[in-house]
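Residues per chain, in single letters:
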Amino acid sequence: MAKASKTPFNIAMLGKTGYGKTSSANTILGRKAFEESTSATVGTRLPSSHSSDYKEFKVTVFDLPGTCDARYDEKLGQKKSCQQILDVVEAGEEVDVFLLVLSYSSRWSREDSNTVDLVKKILGRDFIKQHCILVITHWDNALDEGVQSFESWLVNQSPQLKELVAECQDRYVVFDNKTSDEAERDEYRRKLLELAISMAKDKPKYKVADLKKNSREHDKLLQQSDHWCVII
């Protein structure tokens, strides 16, 4: 008897170069599928994807490049950010969940605010509320510093980060991608995927039709020269 086919479940990673986006993608897959860079100025160069099975799902992770680095000027970085997201969704890849990756080790900056603003302009005003989970990386540093929980840490963070967490409706996970403990890595993976699957049951997939609603904004962003240093 032929095996029943797995249900596709697509996840797209968004995040600044150096925040641990690629290593988080590998944690989610349960294996080292994406090549990790040791330099914050290199990072992922081209959109790529890998898959693995989780329960009844075939989980495919799309690792989108970070573009705020030495390779791109500001205008080119903005254009690449827009086009890479458009390419993935327009290729017919319905995205179940987007993960917005932030780092515990980095304070909230103007660049982070610009990223959130740009994501909303490309993908829709309600995109974060409807389709996003926050992933906080480098949590090993938090543990080393005696942080008791994400909630206790958030109390002393910027108003913008608190607003983002609220907009995500408290959908977040913390990752220590450096741990060599396989049981810990498996638990990070399980928590993220269970949250993503649960969220996707009540939320619509992100489709090409959603992009078309923002097509005028896409064209504007792709044509204009802006002062932002865009990071996706």
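Shown above is the structure to which this text applies.
Residues numbered from 1 in each chain as written. Predicted model: local features only at pLDDT ≥ 70, side-chain atom pairs only at ≥ 80, totals over all residues. Heavy atoms only, no water.

Peer 1: Can you walk me through the overall build of the chain in this structure?
Peer 2: When its secondary structure is counted, the chain shows ten helices and six strands. Expressed as a percentage of its 232 residues, the buried residues of the chain come to 50%. A separation threshold of at least 6 residues defines the contact pool for the chain, and within that pool the share at least 24 residues apart is 75%. (Helix = DSSP H or I, 4+ residues; strand = E, 2+ residues; numbered from the N terminus. Buried < 20%, exposed > 50% of the residue type's maximum accessible area, 1.4 Å probe, protein only. Contact = heavy atoms within 4.5 Å.)

Peer 1: What exactly am I supposed to notice about a negative patch on the surface here?
Peer 2: On the surface, Asp 181, Glu 182, Glu 184 and Asp 186 cluster together into a negatively charged patch. Note on placement: Asp 186 falls in helix 8 (residues 182-202). (Patch = residues over 30% accessible without salt bridge, like charges linked within 9 Å, V, L, I, M, F, W, Y side chains within 5 Å. Areas by Shrake-Rupley, 256 points an atom, 1.4 Å probe, with all protein chains shown as cover. Salt bridge = Lys/Arg side-chain N within 4 Å of Asp/Glu carboxyl O. Lys, Arg positive; Asp, Glu negative; His and termini not counted. Charge placed at Lys NZ, Arg CZ, Asp CG, Glu CD.)

Peer 1: Just to check I follow, could you spell out the sheet that holds strand 4 (residues 97-103) for this structure?
Peer 2: The strands making up a sheet are joined through hydrogen bonds of the backbone, oriented either antiparallel or parallel. Overall, mixed pairing links the six strands, which are arranged 2-3-1-4-5-6 in an open sheet. The sheet is open, and its two edges are formed by strand 2 (48-54) and strand 6 (172-174), each paired on a single side. Neighbour to neighbour, the strand axes of the sheet diverge by 25° on average, direction disregarded. Pairing of strand 5 (residues 132-137) with strand 6 involves three bridges; the strand directions are parallel. Within the sheet, the bridge partner assigned to Leu 134 lies in strand 6 and is Tyr 172. With respect to the sheet, helix 8 is in contact with strand 1 (7-15), strand 2, strand 3 (57-63), strand 4, strand 5 and strand 6, its orientation differing from that of strand 2 by roughly 95°. (Pairing = 2+ DSSP bridges. Axes fitted to C-alpha atoms, helices over the stretch in contact; angles between N-to-C directions.)

Peer 1: Looking at this model, I keep getting lost on the pairing of strand 2. Mind explaining?
Peer 2: One face of the sheet, then the other: side chains in a regular strand alternate in exactly this way. By the bridge criterion, seven bridges tie strand 2 to strand 3 in an arrangement that is antiparallel. Its bridge partner being in strand 3, His 50 is matched across the sheet by Val 61. Between strand 2 and strand 3, which follow one another and run antiparallel, lie two residues, and Lys 55 among them has a positive phi close to 55°.

Peer 1: What am I meant to see in helix 1 (residues 21-29) here?
Peer 2: Counting along an α-helix, one turn takes 3.6 residues, and residues three or four places apart therefore face a common direction. When you tally the buried positions in helix 1, you get nine out of nine residues, the bulk of the element. Among the residues making up helix 1, those that are buried are Lys 21, Thr 22, Ser 23, Ser 24, Ala 25, Asn 26, Thr 27, Ile 28 and Leu 29. Turning to helix 1, the residues buried within the fold contact strand 1, strand 2, strand 3, strand 4, strand 5 and helix 8. Positive backbone phi, approximately 80°, marks Gly 30, located one or two places after helix 1.

Peer 1: Hey, could you run me through unusual backbone geometry in this one?
Peer 2: One can expect most non-glycine residues to show negative phi and most peptide bonds to be in trans. Positive phi, close to 60°, is recorded for Gln 169, a residue that is not glycine. Tracing the backbone through its elements, the reader meets Gln 169 in the loop between helix 7 (159-167) and strand 6. In this structure Gln 169 comes out as partly exposed when scored by relative accessible area, which is 43%. Despite not being glycine, Asp 170 shows a phi value in the positive range, around 60°.

Peer 1: Quick question: what am I supposed to make of the environment of Phe 150 here?
Peer 2: With respect to the element layout, Phe 150 can be found in helix 6 (residues 150-154). Among all residues touching Phe 150, those that are not within four sequence positions of it are Ile 136, Trp 139, Val 165, Tyr 172 and Val 174.

Peer 1: Quick question: what am I supposed to make of the state of the cysteines here?
Peer 2: Put plainly, two cysteines are in a disulfide when a covalent bond ties their sulfur atoms together. One pass over the full model with this rule turns up zero disulfides. Cys 132 takes part in no disulfide bond, and the closest cysteine sulfur to it belongs to Cys 168, at a distance of 5.3 Å. Owing to a relative accessible area of 0%, Cys 168 belongs among the buried residues under this scheme. (Disulfide = S-S within 2.5 Å.)

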